[in-house]
Amino acid sequence: MADKATVERLKDLACEARKNILRLCHKGATHIGGDLSMADMMTVLYQYGMKYDPQNPTWKDRDRFILSKGHGAGCLYVTLAMAGYFTMDEVLAKYREPGSPFGEHPSGEIPGVEIATGSLGHGLSICVGLALAARLDGRQNRVFTLMGDGETQEGSVWEAAMAAAHYQLGNLVALVDRNMLSLDGETEKLMKLEPYAEKWQAFGWNVEVIDGHDIAQIVDVFDRLPPPSANQPTIIIGKTVKGKGVPCMENDANWHAGSIDAEFLAQCCAELDAARERERGE
Amino acid sequence: MVAQETFQFFSLVEKMSAREVYGKKMAEIGSKDERIVVLTADLMRSNRTGDFQKAHPERFFNVGIAEQNMMGIAAGLALDGKIPFVSTMATFATMRACEQVRTDICYANLPVRIVATHGGLTTGAGPTHYGQEDLAIMRSLPNMTVIAPGDPNQIGKVVEASIDWEGPMYIRIGRGGEPIVYKEEYKYEIGKAITVKDGNHLALIATGSIVFHALMAAEKLAKEGIQARVIDMHTIKPLDKETVIKAAQETGAIITAEDHTVFGGLGSAVAEVLADEGIACKFKRLGIPDLFAGYGEPEYLYHLYGYDAEGIYAAAKNLLK
Ligand SMILES: Cc1ncc(C[n+]2csc(CCOP(=O)(O)OP(=O)(O)O)c2C)c(N)n1
Ligand SMILES: [Mg+2]
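Reading the values: rules and limits
Residues numbered from 1 in each chain as written. Chains lettered and ligands numbered in written order. Predicted model: local features only at pLDDT ≥ 70, side-chain atom pairs only at ≥ 80, totals over all residues. Heavy atoms only, no water. Helix = DSSP H or I, 4+ residues; strand = E, 2+ residues; numbered from the N terminus. Rg over C-alpha atoms; globule rule 2.2 N^0.38 Å. Buried < 20%, exposed > 50% of the residue type's maximum accessible area, 1.4 Å probe, protein only. Pairing = 2+ DSSP bridges. Axes fitted to C-alpha atoms, helices over the stretch in contact; angles between N-to-C directions. Contact = heavy atoms within 4.5 Å. Buried area = accessible area lost by both parts, 1.4 Å probe. Salt bridge = Lys/Arg side-chain N within 4 Å of Asp/Glu carboxyl O. Polar contact = N/O pair within 3.5 Å; in protein donor to acceptor, adjacent residues only side chain to side chain. Nonpolar A, V, L, I, M, F, W, Y, C, P; charged D, E, K, R; others polar. pLDDT = per-residue confidence, 0-100.

### Observations concerning the overall build of chain B
When you go through chain B residue by residue, the secondary structure sums to 13 helices and 14 strands. Compactness check: chain B gives a C-alpha radius of gyration of 19 Å against a globular reference of 20 Å for 321 residues, within 12% of the reference. Taken along its principal axes, the extent of the C-alpha atoms in chain B is 60 × 40 × 35 Å. In chain B, which comprises 321 residues, the share counted as buried stands at 63%.

### Quick look at the sheet that holds strand β5 (residues 113–117) of chain B
Residues and elements named next belong to chain B. Across the sheet, seven strands lie side by side as β3-β2-β4-β5-β7-β6-β12; this open sheet has mixed pairing. Lying at the two open borders of the sheet, with one neighbouring strand each, are β3 (60–62) and β12 (235–237). Between one strand and the next, the sheet's axes are offset by a mean angle of 20°, whatever the strand orientation. By the bridge criterion, four bridges tie β5 to strand β7 (residues 169–172) in an arrangement that is parallel. Directly across from Ala 116, in β7, lies its bridge partner Arg 172. Its contacts with the sheet put helix α1 (residues 18–30) on β2 (36–40), β4 (83–89) and β5, and the angle it makes with β4 is roughly 160°.

### Examining the interface of chain A and chain B
How big an interface is tends to be reported as the loss of accessible area on association of its parts. Listed by partner, the interface residues are 30 residues for chain A and 20 residues for chain B. Roughly 1,900 Å² is buried in total at the junction of chain A and chain B, and carbon and sulfur atoms are behind 47% of that figure. Across the contact surface, chain A and chain B share two salt bridges. A salt bridge links Arg 96 of chain B to Glu 154 of chain A; its shortest N-O distance comes to 3.4 Å. Remark: the boundary between chain A and chain B carries 22 residue pairs in polar contact (both at pLDDT 80 or more). Partitioned by chemical class, the residues of the side of chain A that touches chain B number nine nonpolar, 16 polar and five charged.

### Topic: the confidence of the model for chain B
Residues and elements named next belong to chain B. The pLDDT averaged across chain B works out to 94; a share of 96% of its residues lies at or above 70. Note that pLDDT drops below 50 for residues 1–13; the model gives that stretch 41 contacts with residues more than four away or on any other chain. As scored by the predictor, the complex reaches a pTM of 0.96 and an ipTM of 0.96.

Structure below.
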């Protein structure tokens, strides 16, 4: 069970991450809905679950992370900044500036970004390769990826899913941001994904289904990950809410992407702080 | 073939989104022709095909984020008599689903119309989203017709002309917000270039969103007494060879300009005609050099890589030196 101090620390960080995500969205348009739905899992991953050294981004034994849903670049930049790869000020100064690597989708030039992503359905295959390489080298690092739920409509995802199970890659951990929405609307109306956990099970994966906004549950799921030497890859299906933390954006595909003005930014940040205060009091 | 008409006027301010024009046109012709079906891969809102979906829900298929599947489904629909209009971003249409396009659609010579949005660098969203090789890839496929409308409104004419056109078509449009080139009504024919401005000192052959830039460059050149012919080469395949040959013979100097890699697109197609015909003339290709273009808005990138109005102007001055 996750200890209270850890959970409280992570909740504070997740709140800060959301505010940073909104600051970035004020600087220029981001995929704000998905940034907000992945924020809790990303915070716990980088502030608790993963092994890395921001001073040495190419450290051989680091855990690898690939943002397969590359349009979540905003949240990734914030997460990496808060992890110490660079400062939030730098991100805010450079986001969407001409020639800057901090674009709408992450570039491999950015410290902490292993490879450029943005075309959906690529990440899991790359992770299979990274996991195989780690095993060939006898390294104990894990390989993580985060996919969108809509993204897993891509056939390539299931080719990779088959391969990861076939090669018994216990060092591979995939997360899915299961916010039930893609760009056009509800995944279940556009192209049904359910029964979802069962699909991954049938493909031979160790399946975890959690509330992707419950920090304690996310901590627990990382605590009980099988060792990298295990013979089965793990998928963490995080049930999330697109736009989580900004009431008018929640569960609304219209907020898949967009930008916000200064006034709304201030209002959102105040609300997030107030909500965090209330939670602390409970 | 002789260019049909000459246009002296074009708007400098009016901008339009080809995606909007496409969406409206599809809703309109969808009611006239029962064979028309529309497909998208979780980009209905981006492709602006929502009006068609509302009007003809039974002939609309949003297959989720699955471009390869979408192209295969389109092939099947076309094989059984439908005319599928398939939309996604240029990069996913031509690269993710390339083999389905080649083997299932082109080899069977099926009348699938791929309307690819965000061609070239128009997204500004980085290399993962750029369609900077799409024209080259599509041009290499047997049976494929390749079109990049010369202004945002032209897509409407292309869609109309496409109904009776045989075989598969790749139609590339931008993100939107591109300037309008044609203010007046004009005749559009697939495979026939349009001479937008006449001139005999050199010819600027452009396609898609760069036609406007070529016109702007020609305006600037005209102020210095240099009369540039501006050709809207909206059909890249089959290429209007006669217009190219005539331009080379009458002006002796050709610049091609496109929002695409300089390898394999419009510039290459024009160069092939000149080489095959044994025509020697001054020649310069403008477009994206051999690199993955950086991030930034199209205006910034076009300028950086030298194929905006200023870049074309400078290249013209250099070529005529
Ligand atoms: C191969 C590919 N097809 C289409 C797109 C365009 N696109 C970007 S985001 C998106 C929706 C993604 O939905 P989901 O994976 O559920 O992400 P989230 O809800 O977390 O934003 C689409 C269709 C893309 N980036 N890549
Ligand atoms: Mg989603």
